[in-house]
Amino acid sequence: MKKTKITLIILILLTVVSAFVSSTIGVYTALILLVLTAFKFIGISLVFMGLREAHPFWKGSILVFLLIFLGIVLMILQ
Amino acid sequence: MNKFTVTSKNIYYPPGGILLWIIIFLELITFGIALIAMVYSSKEQAAVFHESRLLLNSTIGAVNTIFLIVSGFFMAESVAYLKRGDLKKTTLFLKLTMLGGLLFLGVKGYEYADKIAEGYTLGYNTFFTYYWMLTLFHVIHVLVGLVILVSVFIGVRKKESTTTIEDVEASAAFWHMCDLIWLLLFPIIYLIF
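Reading guide: rules and limits
Residues numbered from 1 in each chain as written. Chains lettered and ligands numbered in written order. Predicted model: local features only at pLDDT ≥ 70, side-chain atom pairs only at ≥ 80, totals over all residues. Heavy atoms only, no water. Helix = DSSP H or I, 4+ residues; strand = E, 2+ residues; numbered from the N terminus. Areas by Shrake-Rupley, 256 points an atom, 1.4 Å probe, with all protein chains shown as cover. Salt bridge = Lys/Arg side-chain N within 4 Å of Asp/Glu carboxyl O. Buried < 20%, exposed > 50% of the residue type's maximum accessible area, 1.4 Å probe, protein only. Expected span 1.5 Å × (residues − 1). Polar contact = N/O pair within 3.5 Å; in protein donor to acceptor, adjacent residues only side chain to side chain. Contact = heavy atoms within 4.5 Å. Core = buried A, V, L, I, M, F, W, Y, C linked by side-chain atoms within 4.5 Å. Phe/Tyr/Trp six-rings, centres within 6.5 Å; stacked < 30°, edge-to-face > 60°.

S.K.: Give me the lowdown on the overall build of chain A, citing residues and values where you can.
M.R.: Looking only at helices and strands, one finds three helices and zero strands in chain A. For chain A, the α and β elements follow one another from N to C terminus as α-α-α. Just so you have it, chain A exposes about 4100 Å², and 79% of that area is on carbon and sulfur atoms.

S.K.: Give a detailed account of the pattern of salt bridges, specifying residues and quantitative values.
M.R.: Where side chains of opposite charge bring their charged atoms close, a pairing between them can arise. All names here are of chain B. What the rule picks out here adds up to five salt bridges over all chains. Among the salt bridges present, the one from glutamate 169 reaches lysine 83, with a minimum N-O distance of 2.7 Å. Placement of the pair is glutamate 169 in helix 6 (residues 165–191) and lysine 83 in helix 3 (residues 58–84), with a sequence separation of 86 residues. On the accessibility criterion, lysine 83 (51% relative accessible area) is exposed.

S.K.: Tell me what's going on with helix 6 of chain B, and back it up with residues and numbers.
M.R.: Each turn of an α-helix holds 3.6 residues, which means side chains three or four residues apart point in the same direction. With 27 residues, helix 6 of chain B extends 38 Å between its outermost C-alpha atoms, agreeing within 8% with the 39 Å of an ideal straight helix rising 1.5 Å per residue. Summarising burial for helix 6 of chain B: 25 of the 27 residues are buried, a large majority.

S.K.: Which residues make up helix 5 (residues 126–157) of chain B, and what values do they have?
M.R.: Between its terminal C-alpha atoms helix 5 of chain B stretches 47 Å, which fits the 46 Å expected from 32 residues at 1.5 Å a residue. At the N-terminal boundary of helix 5 of chain B, the capping side chain belongs to asparagine 125 of chain B, with an oxygen 3.1 Å from the backbone nitrogen of phenylalanine 127 of chain B.

S.K.: Could you give an account of the environment of lysine 3 of chain A, naming the residues involved and the relevant values?
M.R.: Residues and elements named next belong to chain A. Tracing the backbone through its elements, the reader meets lysine 3 in helix 1 (residues 2–22). A relative accessible area of 55% places lysine 3 in the exposed class. Along the primary structure lysine 3 and isoleucine 42 are separated by 39 residues, whereas in three dimensions their C-alpha atoms are 14 Å apart. Among residues more than four places away in sequence, those in contact with lysine 3 are Val47 and Arg52.

S.K.: Can you tell me about the nonpolar core, naming the residues and giving the values?
M.R.: Within the largest apolar cluster, 85 residues are counted, with the highest numbers of intra-cluster contacts made by Phe48 and Phe69 of chain A together with Leu28, Phe127, Tyr131, Ile188 and Ile189 of chain B. Among the elements of the structure, helix 1, helix 2 (29–48) and helix 3 (56–77) of chain A together with helix 1 (18–44), helix 3, helix 4 (87–118), helix 5 and helix 6 of chain B are those that each provide at least two residues to this core. At 19 residues, the largest contribution of residues to this core is made by helix 6 of chain B. Beyond its immediate chain neighbours, meaning those up to four positions away, leucine 28 of chain B contacts Phe41, Ile62 and Phe65 of chain A together with Leu180, Ile181 and Leu184 of chain B.

S.K.: Tell me about the packing of aromatic side chains, and please be specific about residues and values.
M.R.: Geometry of an aromatic ring pair is reported as the spacing of the ring centres plus the angle between the planes. This model, assessed by the stated rule, comprises 25 aromatic pairs over all chains. Judged by centre distance (6.2 Å) and plane angle (50°), the rings of tryptophan 58 of chain A and tryptophan 21 of chain B are tilted. Of this pair, tryptophan 58 of chain A sits in helix 3 while tryptophan 21 of chain B sits in helix 1, which puts the two residues in different chains. Residues tryptophan 58 of chain A and tryptophan 21 of chain B agree in their burial class; the two are buried. When the ring of phenylalanine 104 of chain B is compared with that of tryptophan 182 of chain B, the centres are 5.2 Å apart and the planes differ by 85°; the resulting orientation is edge-to-face. Separated by 78 residues along the polypeptide, phenylalanine 104 of chain B in helix 4 and tryptophan 182 of chain B in helix 6 bring together distant segments of the chain.

As structure tokens, then:
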């Protein structure tokens, strides 16, 4: 339960950071926002959804989905 | 309360059940493809997407993200307390989870009313077509999630309940799926263009 509380605090902080980063104009703004999204996505799926304790196939599948999705988005944005 | 349990280490029994995880992946792929199409369209109409994105209030988007994250945390706590056999805290956290969902819908309703009043409806431009389609589709998922949570809440509170821990885990997985989808929608619709 301690891990879920720490994850909650990190997820809220990452959301606030995302909102601030979006107001800045820079070459890497989109990249930073998508990396922050990846961390939040991993936090929810592994900790809140309990995938951390699941079979590696499920952990791997969610990470592969995330990598493919963010990879395609970044490729299009470039 | 039926306490039939299975180990989630087994490949066929991820937390929430294999059928629900097939649904989760199908939903993530569906939303993923739609978001990729949106990003692709933005390359053709960069100015329209940038100006339209600025018409959205990113603070509202961030607040809604926090509502869903906190609601997801309460759901995880509810499942953890159920596994310990603490029904009182399980139902308390289930109520808080549903409150988070309702707050999300309330803020979304306010945002929708504001956009409709300003005339930024479905056909206003390509950006708003994607905005309405994607966020409304997500709202439908949140509504379905709330109905599932209400049904689990009623089931857990019954004295002669047939609701299992696996049922609650499945409803939790569906609720977290709404979080995951929103985490993909938020940066792309509200922030990156």
